Amino acid sequence: MSGSGTERLARLLALVPYLQARPGALISEVAADHDVSERQLRDDLQLLFVCGLPGYGPGDLIDMSLDDDTVTLTYHAELDRPLRLTADEALALIVALRALGETPGVDDAAVSRALAKVENAAGEAGRSAQRVAITGGYEDTGLAARVRGALERGRALRIVYYTAGRDATSERVIDPMRMLVVDGRAYLEAWCRRAEAIRMFRLDRIDELTELEEPSVPARGVAATSDGGFRLADGAVFEPPADSPLVTLRVGLGSRWVTEYYPCEDVRAESGGTWLVTLKASDLEWARRLVMGLGEDAEVVGPPELVELVRSEARAALAAYTT
């Protein structure tokens, strides 16, 4: 099976209206559009054959014409209607969109349009969301506002930062680039002058922060983008430290965000929906924490030292449950 049961259910529900709009669709194209292998798609279609309305007789189940190359939906069993959000789902989506709109670098116009549509469709749930205050987390500390201010003014920062992997605190001067929110945690992407490389700093691990008078200059070869972020300037090449270990991971759909937040040496799509991702890590301990955080959605391909580190921690975790 490709992905979790939840992912497969979402794919099956999406397949019905998709196929209804595309009679005679090529199996290869349907599989590519849904990011699964042709074998997985055929398994999904076989499962759809036994889905339908209560009664589950011949006239109640989804029906289709399936051959070696194409598929045509001949009866959709009333599952062609758009999926609808529950009140709780709509409320959660509205609150998330409002939080996203506060994130620097995000297309405010696009978020506002999406928010207006969801609020209008949600009715009372949308009106309730307007009374919801986002509390807890990094916003309560005021640190995020100070970081946003430094970004807007283009100033460098001096921070005292706690590194959990080494259980150590260090002082460093950084040149802020952008703020990100991943899994409910706020991060600052910045050029670290001590490491001479781009680093991600979790805001809740910044113990002290001082805005400097000097301008933020991320790095030679790093240029500002129109959305308030930064990119490598044309012709420039970002070079991680030469002694950085090269790590190769096989990641599923839920962990592809890794390729967006960390510089990668290579990313290759594989059959079945996984990606083979190669990146340089600051050290193997950092890579171990990354892999353990991704859970079963990631597999270490190399180097062997990292494979052993992850295997040892997994064994220790299992032993803790059995004792």
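Going by the structure above, here's the rest.
Summarised in this report is the structure supplied together with it. Keep in mind that this is a model prediction, so the values were computed, not measured.

A few words now on helix α7 (residues 143–153). Burial in α7 covers these residues: Leu-143, Ala-144, Val-147, Arg-148, Gly-149 and Ala-150. Positive phi shows up at Gly-154, right after α7, with a value of about 70°.

This paragraph deals with the sheet that holds strand β3 (residues 70–75). Taken together, three strands build an open sheet; the order of strands is β1-β3-β2 and the sheet is antiparallel. For this open sheet the edge positions go to β1 (25–26) and β2 (63–66), each flanked by a neighbour on one side alone. Two elements, β1 and β3, share two bridges in a ladder whose sense is antiparallel. Bridge pairing in β3 places Ala-25 opposite Val-71. Across the sheet, helix α3 (residues 38–48) lies against β2 and β3, angled at about 145° from β2, the strand it touches most.

Here we come to the environment of Arg-155. Position of Arg-155 among the secondary structure elements: in strand β4 (residues 155–163). Classification of Arg-155 by relative accessible area gives partly exposed; the value is 24%. Considered as a pair, Arg-155 and Glu-214 are 59 residues apart in the sequence and their alpha carbons are 6.0 Å apart. With near-sequence residues (within four places) excluded, Arg-155 lies in contact with Ala-150, Pro-176, Glu-211, Leu-212, Glu-213, Glu-214, Pro-215 and Ser-216.

Counted under the stated rule, the structure contains 16 salt bridges. Two residues, Arg-158 and Glu-171, come together in a salt bridge whose shortest N-O distance is 3.5 Å. Remark: Glu-171 occurs in strand β5 (residues 168–182) and Arg-158 occurs in strand β4; sequence separation between them is 13 residues. For Arg-158, a relative accessible area of 33% corresponds to the partly exposed category. Residues Arg-311 and Glu-308 are paired through a salt bridge, measuring 3.1 Å at the closest nitrogen-oxygen approach. Placement of the pair is Arg-311 and Glu-308 together in helix α10 (residues 304–322), with a separation of three residues, close to one helical turn. Look at Arg-311 and you get partly exposed, because its relative accessible area is 37%. Bridged by salt links that share partners, the residues Arg-153, Arg-155, Glu-211 and Glu-213 form one connected network.

Parameters at a glance
- Residues numbered from 1 in each chain as written.
- Predicted model: local features only at pLDDT ≥ 70, side-chain atom pairs only at ≥ 80, totals over all residues.
- Heavy atoms only, no water.
- Buried < 20%, exposed > 50% of the residue type's maximum accessible area, 1.4 Å probe, protein only.
- Helix = DSSP H or I, 4+ residues; strand = E, 2+ residues; numbered from the N terminus.
- Pairing = 2+ DSSP bridges.
- Contact = heavy atoms within 4.5 Å.
- Axes fitted to C-alpha atoms, helices over the stretch in contact; angles between N-to-C directions.
- Salt bridge = Lys/Arg side-chain N within 4 Å of Asp/Glu carboxyl O.

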